[in-house]
Amino acid sequence: MNDYMLFAIAMIPVLWLIVSLGVLKMPAHKTCSFTVILTLAIAIICWRMKFIDGITATVEGMAIALWPILLVIVAALFTYNLAVETKTMDVIKKMLSSITTDKRIQVLILAWGFGGFLEAVAGYGTAVAIPASILASLGFNPLFAAVICLLANTVPTAFGALGIPVTTLATVTGLEVVHLSYVTSIQLAGFIVLIPFLLVILTEKSIKALKGVVGITLVSGITFAIPQIFIAKYLGADLPALVASICSMACTILMAKAMNKEKVEAKEDKIGLKEGVLAWLPYILLCGLILIASPLVPSINSLLAKASSNIHIYTGDATSTTAFSWINTPGMMILIATFIAGLIQKLKFTYMLDVLKRTIIQLKTSFITIMSIVAISKIMSHSGMTSSISFGLCAITGSFYPLIAPLLGAIGTFVTGSDTSANILFGALQTEAAKSLSIDPYWIAAANTAGATAGKMISPQSIAIATSATGLIGSEGKILSTTVKYCLGYVIILGLIVYFGGGILTLF
């Protein structure tokens, strides 16, 4: 078969997922488990993948789904469920209301600022699961909470988990990481300023929603964009999203309090310092633990790194191993933080275990969905199906390739659920295409990771996390049909920036 035929066949699982979830509205756990079988059959028949290799690729994907992805979802929802049962979530609601009762600003603080911070320090779905569950508890429509957090969790993912996506991209392409970080931050800057405006408009489903909050919305975006560009240019990939999200969240809260200063609460409604700290303690401890265990503290990071295993699962490559970190992974950090906070709050350990057990049962269909999705990505990657997609797109577009370079990154994230994985899959190909077209390889490589951020909002893995966190399991199709139009707009605009804006760096 020629490359064009292989490209068309390789797209079948991707197109089926889009149609079955977005058009036919099939339950995600059913269509994703069927798609595993479909993808495996295609890989064996058309790519001559050995049956045992296909099975072990599936097992590898399921293992990665369990640890660390599903661990994060279980841990995040467990923290939320415990807060609801102990009524500390009511305290969090009151505290947020004391900052502002304006739902538009609450979205900026939680989905944009706090979500960006969680993405920066942890990743793996925390930036969707935790803010979405809190927004739902504040009275937001659960479907809206899921969608808004998916849209917010786009641009921060490029430098998520302390810059792993860009660092990985630099490694697989051989490009210098600091300059690559800077180029990526430039491509994303406009979206960082515009997305808060989109979040506000969607909160009230009208452009009139901007009335009275244009200033704070602009500040929320600019105080994220400028620090990210500055840190990326001079320090590289580790800290841009972390510093930027803290700046944005802090400035948004300060402006919100200034706007709300004339509204004085009755004394009995005020939350004391001790009560407030105890309510937020799981999240405070989580942030502290993740930062301490990160590469920012090398001694502890290297110590925890020893509690890990490299297991050979996939039989198609004798050198292939799957790494599992047993302690220094976001899900474990959330569990540890929540149990410690619970003990400080004087909760019984057996009671917390019971809540954890009920949380796992609550997520049983999410387990099927996410294990299936990651298995699909592994089968496609190991068999060569993803390579066929990328080569096919290159062959079809020719000199117009820069227009679709971000689309390739978005497809990578749609299939794998990860900006990092999208960079591993397509990063080297992007730079090779750039060199053959005499285009700056940094510019095209950055387009891959920037495009991958768009793919986060339609990734079945991310959508499954959102539905799990908001109690909407079975509504994946509704969410996909909502987010896909924003993803297409994002990718089209980014494609035009990449195609026409190669000289934009000369302006900075």
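Look up a bit, the structure's there.
Parameters at a glance
Residues numbered from 1 in each chain as written. Predicted model: local features only at pLDDT ≥ 70, side-chain atom pairs only at ≥ 80, totals over all residues. Heavy atoms only, no water. Helix = DSSP H or I, 4+ residues; strand = E, 2+ residues; numbered from the N terminus. Rg over C-alpha atoms; globule rule 2.2 N^0.38 Å. Buried < 20%, exposed > 50% of the residue type's maximum accessible area, 1.4 Å probe, protein only. Contact = heavy atoms within 4.5 Å. Areas by Shrake-Rupley, 256 points an atom, 1.4 Å probe, with all protein chains shown as cover. Lys, Arg positive; Asp, Glu negative; His and termini not counted. Charge placed at Lys NZ, Arg CZ, Asp CG, Glu CD. Patch = residues over 30% accessible without salt bridge, like charges linked within 9 Å, V, L, I, M, F, W, Y side chains within 5 Å. Salt bridge = Lys/Arg side-chain N within 4 Å of Asp/Glu carboxyl O. Core = buried A, V, L, I, M, F, W, Y, C linked by side-chain atoms within 4.5 Å.

S.K.: What exactly am I supposed to notice about the overall build of the protein chain here?
M.R.: Counting its regular elements, the protein chain contains 23 helices and two strands. A compact globule built from 508 residues would reach a C-alpha radius of gyration of about 23 Å, and the protein chain, at 22 Å, matches this within 12%. Each of the three principal axes of the protein chain carries a C-alpha extent, and together these read 75 × 55 × 50 Å. Considering the protein chain as a whole, with its 508 residues, one finds that 57% of them fall into the buried category. Counting contacts in the protein chain only where the partners sit at least 6 residues apart, residues at least 24 apart contribute 78% of the total. As presented, the protein chain carries roughly 20100 Å² of accessible surface, and 70% of it is formed by carbon and sulfur atoms. Within the protein chain, one finds 30 positive and 21 negative side-chain charges whose respective centroids are separated by 8 Å.

S.K.: Looking at this structure, how should I read a nonpolar patch on the surface?
M.R.: Together, Ile311, Trp326, Ile327, Ile336, Ile340 and Ile344 give the surface a local cluster of nonpolar side chains, amounting to about 450 Å² of exposed area. The biggest single contributor to the nonpolar patch is helix H15 (residues 330-344), with three residues.

S.K.: Teacher, can you tell me more about the pattern of salt bridges here?
M.R.: Pairing is possible between side chains that carry opposite charge, provided their charged atoms lie close to one another. Scanning the entire structure with this criterion turns up four salt bridges. Taken together, the salt bridges that share partners define one network made up of Glu85, Asp354 and Arg358.

S.K.: Teacher, can you tell me more about the nonpolar core here?
M.R.: In globular proteins that are soluble, nonpolar side chains generally tend to be buried together. With 164 residues, the main nonpolar core has Ile130, Ile134, Ile148, Leu180, Ile370, Ile389 and Tyr490 as its most contacted residues. Per element, the largest residue contribution to this core is 16 residues, and it comes from helix H4 (residues 51-85). Not counting residues up to four positions away in its chain, the partners in contact with Ile130 are Ala76, Phe114, Leu118, Tyr283, Leu286 and Ile334.

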